[in-house]
Amino acid sequence: MMKTGRLFVLSGPSGVGKGTLREHALKNAPSLTYSISCTTRKPRDGETDGVEYRFISREKFQEDISRGLFLEYAHVHEDYYGTLKQDVVNELEAGHDVLLEIDVQGALQVREKMPDAVLVFVAPPSVEELERRLEGRGTEGKESLNVRLANAVKELALKDEYDYVIVNDDLENACEELKKIIL
Ligand code: ADP
Ligand code: 5GP
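Description of the structure in this document.

Definitions and limits used
Residues numbered from 1 in each chain as written. Chains lettered and ligands numbered in written order. Predicted model: local features only at pLDDT ≥ 70, side-chain atom pairs only at ≥ 80, totals over all residues. Heavy atoms only, no water. Helix = DSSP H or I, 4+ residues; strand = E, 2+ residues; numbered from the N terminus. Contact = heavy atoms within 4.5 Å. Near = heavy atom within 4 Å. Polar contact = N/O pair within 3.5 Å; in protein donor to acceptor, adjacent residues only side chain to side chain. Areas by Shrake-Rupley, 256 points an atom, 1.4 Å probe, with all protein chains shown as cover. Nonpolar A, V, L, I, M, F, W, Y, C, P; charged D, E, K, R; others polar. Pairing = 2+ DSSP bridges. Axes fitted to C-alpha atoms, helices over the stretch in contact; angles between N-to-C directions.

This next bit is on the environment of A123. Note that A123 resides in strand β8 (residues 118-123). Separated by 53 residues in sequence, A123 and F70 have C-alpha atoms that sit 26 Å apart. If we skip the residues at most four places from it in the chain, A123 touches V16, L156, V165, I166, V167 and N168.

Structure, rendered in structure tokens:
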């Protein structure tokens, strides 16, 4: 029988560098696939449906919840985000490792349903530096930025639930740490 893949979950506050680390990991690990989440939030400039996310309506999201299609889902910031179960199961059964980039509530749901999942938390060197990165990215308005910072403090309180914590201070070191976990 073919070996099933491993499931990795990457979480951490908005702006900490998860997306950046994920891109590096996907380049370095050929058998790793990324599971594209569904969300009810609006696409940002430069985002394409089916690439960063599947952008769906609240009605469709509710329908998919009631059909039991999500491995996990959560209300994050001001929208819904979720991972489709079938996508993940198909990849794992094909022997591919799968990476999810999801919030803390979702990560803990995955741990309940798939106890073998490896949970990795990305922490900022400080909350001040997190604020600088979020501002520097230039994707959020003032209100959205404040919502993300308030949530960051709540998320940081749950980092001890994870198997690994990577402090994303020096990017190269952080990439190396993630690579060691995944490879
Ligand atoms: P997330 O996906 O967690 O929201 P991003 O990957 O979009 O975060 O990173 C947020 C911003 O911080 C981006 O502008 C990114 O280039 C920058 N960044 C990521 N890692 C580092 C790092 N180690 N040092 C400085 N800036 C970083
Ligand atoms: P953003 O809107 O900045 O792309 O993402 C906001 C937050 O939603 C991030 O913390 C991200 O990890 C989380 N997120 C993205 N996709 C999912 C998902 O499928 N499930 C859950 N629970 N959270 C997600």
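Among the 14 residues in the neighbourhood of ligand 1, the closest are listed as G15, G19, T20, R137 and N168. K18 places a main-chain nitrogen or oxygen 2.8 Å from an oxygen atom of ligand 1. Backbone polar atom of L171 to a nitrogen atom of ligand 1: 3.4 Å apart, as the coordinates give it. Within the complex, 73% of the 570 Å² of free accessible area of ligand 1 lies under protein. Breaking the shell around ligand 1 down by element, the ones donating at least two residues are α1 (18-28) and α5 (127-137).

Glancing now at the site of ligand 2. Taken together, 18 residues are adjacent to ligand 2, and S37, R41, Y53, Y81 and D103 come closest. Between ligand 2 and the protein, one listed contact pairs an oxygen atom with a side-chain N or O atom of R41 at 2.6 Å. G82 is positioned with one of its backbone polar atoms (N or O) 3.2 Å from an oxygen atom of ligand 2. Considered on its own, ligand 2 offers 510 Å² of accessible surface; in the complex 96% of this is hidden by protein. Of the residues in the shell around ligand 2, the class split is five nonpolar, six polar and seven charged.

All right, on to the sheet that holds strand β7 (residues 97-101) then. Spatial strand order, β2-β7-β1-β8-β9: five strands in an open sheet with parallel pairing. Sheet topology places β2 (32-34) and β9 (164-167) at the edges, where each strand pairs with a single neighbour. Ignoring which end each strand starts from, the neighbouring axes of this sheet average 25° apart. Strand direction decides the pairing type here: strand β1 (residues 7-11) and β8, joined by four bridges, are parallel. The partner of L10 across the bridge, within β8, is V120. In this fold helix α7 (residues 171-182) packs onto β1, β2, β8 and β9, with an angle of close to 160° to the strand it touches most, β9.

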